[in-house]
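Now for the letters of each chain:
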Amino acid sequence: MQSEANKHVKQLRDQHFRTTAGKHEEHIWTKGEHNEEKGPSPSSSTLGPTELRDVFISVKTTTKFHKSRLDILLKTWFVLAREQTYFFTDGEDKEFQKRTNGHMINTKCPTVHNRIALCCKMAYEYDAFIESKKRWFCHVDDDTYINVPRLVKTLQNYNHTEDWYLGKPSLSHPIRIPDRSNPGHEIAFWFATGGAGFCISKSLALKMLPYASGGRLNSACDKIRLPDDCTVGHIICHVLGVKLTVLSTFHSHLEGLWMIKPDDFHKQITFSYAKRNRANVNVVSINKGFSSQIDPSRLLSVHCHLFPYLRECQELMLKIL
């Protein structure tokens, strides 16, 4: 994959530099909560509004979580974005390869959950996006639910030919790390947590080529000694100087998910869950959903709350009743 990606990288970079030569881009949006209804107009793009087919969705997973985590994703939001979604894992799985229509990518990265493994998969995700030539690169983890229509509607508020880094930090302050090129000093930057998901415009992704393509993302991770989502934030915010646009509608298991009101579910882009044990559960609260025995993550209940007309939801309701 990397050799093919490198070929496309050069083609895309050359094309991009030809079409943007002489143009001056300046973004005035500041870091902080972004008002989607009053966001930047996409009218400057002559290619038409962004559609689902313009989005590349990557899901980072690992072999041991295929059954416990991917199963619920394939039964819910994946049915709305089959052609746009790819799963990046670390081993072969014929069952899920078939269920995803051949969209399981075996990166052969380490199967452990550490910085090296996470960065390895993110490097493959980034290269695959470059190969796809799509407008938007959207990453999520395997415990994340995507409200697909809301994702597309949100992206329509942003111009993919400009530099946009959309997501939500898990920290209330920029992360600070030692500046290894300037001993005794620190650098600070924001990053969008991968657990909530984030999206990067094509224009910005192309500017990341010298630092992330062809496996360079792994070297960037090693240099700052931080995981993949932090490294992406470092490249974008510190190296390239592009600010993170914070959207509160991205959600990870690192926040109080029970605080999201069911009446507001349709406004959210992503949901997540965490269930470490019976006494330590972090899931959305939905009284009219399926039982916790049937739906411990609550993602199935969220899905059928948002799309009750889908055949899968109607069939499941009939079985339960």
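Note that the structure is a prediction, hence the values are computed from the model and not measured. (Residues numbered from 1 in each chain as written. Predicted model: local features only at pLDDT ≥ 70, side-chain atom pairs only at ≥ 80, totals over all residues. Heavy atoms only, no water.)

J.: Is there a simple way to explain the state of the cysteines in this structure?
T.: Where two cysteines share a covalent bond between their sulfur atoms, that bond is called a disulfide. A full pass over the atoms with the stated rule returns four disulfides. Covalent S-S linkage joins Cys109 and Cys120, the inter-sulfur distance amounting to 1.9 Å. Handedness of the Cys109-Cys120 disulfide follows from its S-S torsion of about -75 degrees: it is left-handed. Of this pair, Cys109 sits in the loop between β3 (104–106) and α4 (115–132) while Cys120 sits in helix α4, placing them eleven residues apart in sequence. Its relative accessible area of 4% is what places Cys109 among the buried residues. Each sulfur of the disulfide joining Cys119 and Cys221 lies 2.1 Å from the other. For the disulfide bridge between Cys119 and Cys221, the dihedral angle about the S-S bond is near -95 degrees, and by the sign convention the bridge is left-handed. (Disulfide = S-S within 2.5 Å. Helix = DSSP H or I, 4+ residues; strand = E, 2+ residues; numbered from the N terminus. Buried < 20%, exposed > 50% of the residue type's maximum accessible area, 1.4 Å probe, protein only.)

J.: How should I be thinking about the packing of α4 against helix α8 (residues 216–224) in this particular structure?
T.: When two helices pack together, their arrangement is given by the angle between the helix axes and by the axis-to-axis distance. Where α4 contacts α8, the axes come no closer than 8 Å and their chain directions differ by 150 degrees. One element, α4, and the other, α8, form an angle in the roughly antiparallel class. Seen along the crossing, α4 lies across α8 with a hand that is right-handed. Judged by residue contacts, Arg115, Cys119, Cys120, Met122 and Ala123 of α4 engage Leu217, Asn218, Cys221 and Asp222 from α8. (Axes fitted to C-alpha atoms, helices over the stretch in contact; angles between N-to-C directions. Parallel < 35°, antiparallel > 145°, perpendicular 65-115°, else oblique. Left-handed = near helix turned anticlockwise from the far one by under 90°. Contact = heavy atoms within 4.5 Å.)

J.: For this particular structure, what's the right way to read helix α9 (residues 228–239)?
T.: A turn of α-helix holds 3.6 residues, and therefore any two residues three or four places apart point the same way. Between its terminal C-alpha atoms α9 stretches 15 Å, which fits the 16 Å expected from twelve residues at 1.5 Å a residue. Of all twelve residues that make up α9, ten are buried, and the element is covered over most of its length. Buried within α9 are the following residues: Asp228, Asp229, Cys230, Thr231, Val232, Gly233, His234, Ile235, Ile236 and Cys237. Downstream of α9 by one or two residues, Gly241 has phi in the positive range, about 75 degrees. (Expected span 1.5 Å × (residues − 1).)

J.: I would appreciate a short explanation of the packing of aromatic side chains in the present structure.
T.: We describe a pair of aromatic rings using the distance from one ring centre to the other and the angle between the two ring planes. Using the criterion set out here, one finds twelve aromatic pairs in the structure. Here the aromatic rings of Phe56 and Tyr86 are separated by 5.4 Å at their centres, their planes lie at 10 degrees, and the arrangement is stacked. In this pair, Phe56 sits in strand β1 (residues 55–60) while Tyr86 sits in strand β2 (residues 85–89), placing the two residues 30 residues apart along the sequence. For Phe56, a relative accessible area of 3% corresponds to the buried category. Where Tyr158 meets Trp164, the ring centres are 5.0 Å apart and the plane angle is 70 degrees; that geometry is what we call edge-to-face. As far as the burial class goes, Tyr158 and Trp164 line up, both buried. Cluster of aromatic residues (ring-pair linked, three or more members): Phe56, Tyr86, Phe88, Phe129, Phe137, Tyr165 and Phe198. For Arg69, the ring lying beneath its charged end belongs to Phe65, and the centroid distance is 3.8 Å. (Phe/Tyr/Trp six-rings, centres within 6.5 Å; stacked < 30°, edge-to-face > 60°. Lys NZ or Arg CZ within 6 Å of the ring centre and 35° of its normal.)

J.: Before we go on, may I ask you to explain the sheet that holds strand β6 (residues 165–167) in this structure?
T.: Within a beta sheet, neighbouring strands are joined by backbone hydrogen bonds and run either parallel or antiparallel to one another. Read from one edge to the other, the open sheet built from seven strands follows the order β3-β2-β1-β4-β9-β6-β10, with strand pairing classed as mixed. The open sheet has two edge strands, β3 and β10 (245–246), and neither has a second partner. Pairing between β1 and β2: four bridges, direction parallel. Its bridge partner lying in β2, Ile57 is registered against Thr85. Contacts between helix α2 (residues 66–75) and the sheet are confined to β1, β2 and β3, with β2 contributing the most and set at about 175 degrees to the helix. (Pairing = 2+ DSSP bridges.)

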